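# Understanding the architecture of this molecule
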Amino acid sequence: FRVIILMLALAVLGVLLYLQKPGIGSTASTAASVANPEPGFVAIGAELIETGDDGKPLYRLDAQRISQPVLNGQIYLTAPILHYQPPGASPWILTAQQGELPQNAHTADLSGAVHAEGKPQGSAELMRMDTDTLHVDMQQQLATTSAAVRVHWAGSLLNGRGMRANLKTGRLVLMRDVSGVLVR
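Residue numbers here run from 1 along each chain, matching the order of that chain's written sequence. Totals for whole chains, interfaces and linings use all residues, but because this is a predicted model, local features are given only for residues with pLDDT of at least 70 and pairs of side-chain atoms are given and counted only at 80 or more. Each side-chain value is worked out from all heavy atoms of the structure, with water and hydrogens disregarded.

## Details of the side chain of Ser90
Quick reminder of the rule: Strands are runs of DSSP state E lasting at least 2 residues, helices are runs of H or I lasting at least 4, and numbering of each runs from the N terminus. Think of a polar contact as two N or O atoms within 3.5 Å of one another; within protein, one of them needs to be a possible hydrogen donor and the other a possible acceptor, and neighboring residues in sequence only count if both atoms come from side chains. Note on definitions: a residue-residue contact is assigned when non-hydrogen atoms from the two residues lie within 4.5 Å.
Along the polypeptide, Ser90 turns up in the loop between strand 4 (81–84) and strand 5 (92–95). In terms of polar contacts, Ser90 uses its side chain to reach the backbone carbonyl oxygen of Lys119, at 3.1 Å. The residues touching Ser90, leaving out its near neighbours within four places in the chain, are Tyr84, Gln85, Lys119, Pro120 and Gln121.

Below, the structure written as structure tokens:
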């Protein structure tokens with residue numbers, strides 16, 4: 001009689017294990033496999049180079065870590081250094097603690113101790129900008145933020161909240177709460 005109970009218990013265990021296998025007898029496992037997209041990538045100490053329509057480098061991006069958790073998804077950056085060379089304009093170097101790029105990499109959202117420096121078009125003086133967040137549109141050659149900004153340029157120091165900088169023309173507009181010393 002014990003042998004029959006043992007055989008029955010093993011049979012029930014076998015059926016339960018069979019039903020627990022992924023993809024067999026479970027619609028949840030099928031739904032989960034459809035919901036999980038293909039994995040992306042992680043690169044340590046990496047460099048990305050984006051070229052413009054003319055084939056020349058538009059920017060070079062160095063970062064401690066570049067990751068794209070989902071294939072064709074958002075790209076995440078740790079300690080990015082963006083060497084940006086807009087066509088017909090002076091080069092700029094932007095650094096931050098982290099950043100994000102969309103799949104097409106035409107824009108960059110930088111955050112955490114963002115620092116930008118370059119020579120505005122027609123200027124021999126280096127301009128330095130510091131803020132907490134910065135959105136850079138590489139195709140439109142614009143840098144914008146709604147955060148507080150500090151600008152050092154040619155002996156002048158300006159502070160404000162909100163900024164729009166046209167990197168091609170060198171025009172910089174501080175939106176509000178502007179203060180500082182302008183040296184001529």
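Now that the structure has been shown, we can carry on.
## Description of unusual backbone geometry
This is how the line gets drawn: Only protein chains enter the accessibility calculation, which uses a 1.4 Å probe; a residue whose area is less than 20% of its type maximum is buried, one above 50% is exposed, and one in between is partly exposed.
Backbone geometry places Gln141, a non-glycine residue, at a positive phi of 60°. Following the sequence through the fold, Gln141 ends up in the loop between strand 8 (127–137) and strand 9 (142–153). You can call Gln141 buried: its relative accessible area is 7%. Phi angles above zero are rare outside glycine, and Ala154 is one such case at about 50°. Here Ala154 lies in the loop between strand 9 and strand 10 (156–166).

## Structural notes on empty space enclosed by the protein
As a reminder, the rule being used: Here a cavity denotes grid points, spaced 1 Å and computed from the protein atoms alone, that fit a 1.4 Å probe unable to get out, and a pocket denotes an open set having protein on both sides within 12 Å along at least 5 of 7 lines; residues with an atom within 4 Å of a point are the lining. Grid points are joined across faces, edges and corners, and a volume is the space filled by probe spheres set on the points. The classification used treats Ala, Val, Leu, Ile, Met, Phe, Trp, Tyr, Cys and Pro as nonpolar, Asp, Glu, Lys and Arg as charged, and all other residues, Gly among them, as polar.
Tallied over the entire structure, the rule returns two cavities of 30 Å³ or more. Its boundaries defined by the atoms lining it, the largest cavity holds a volume of some 50 Å³. If you trace the largest cavity, you find it lined by Trp92, Pro120, Met127, Met129, Ala165, Asn166, Leu167, Gly170, Arg171 and Leu172. Looking at the lining of the largest cavity residue by residue, the classes come out as seven nonpolar, two polar and one charged.

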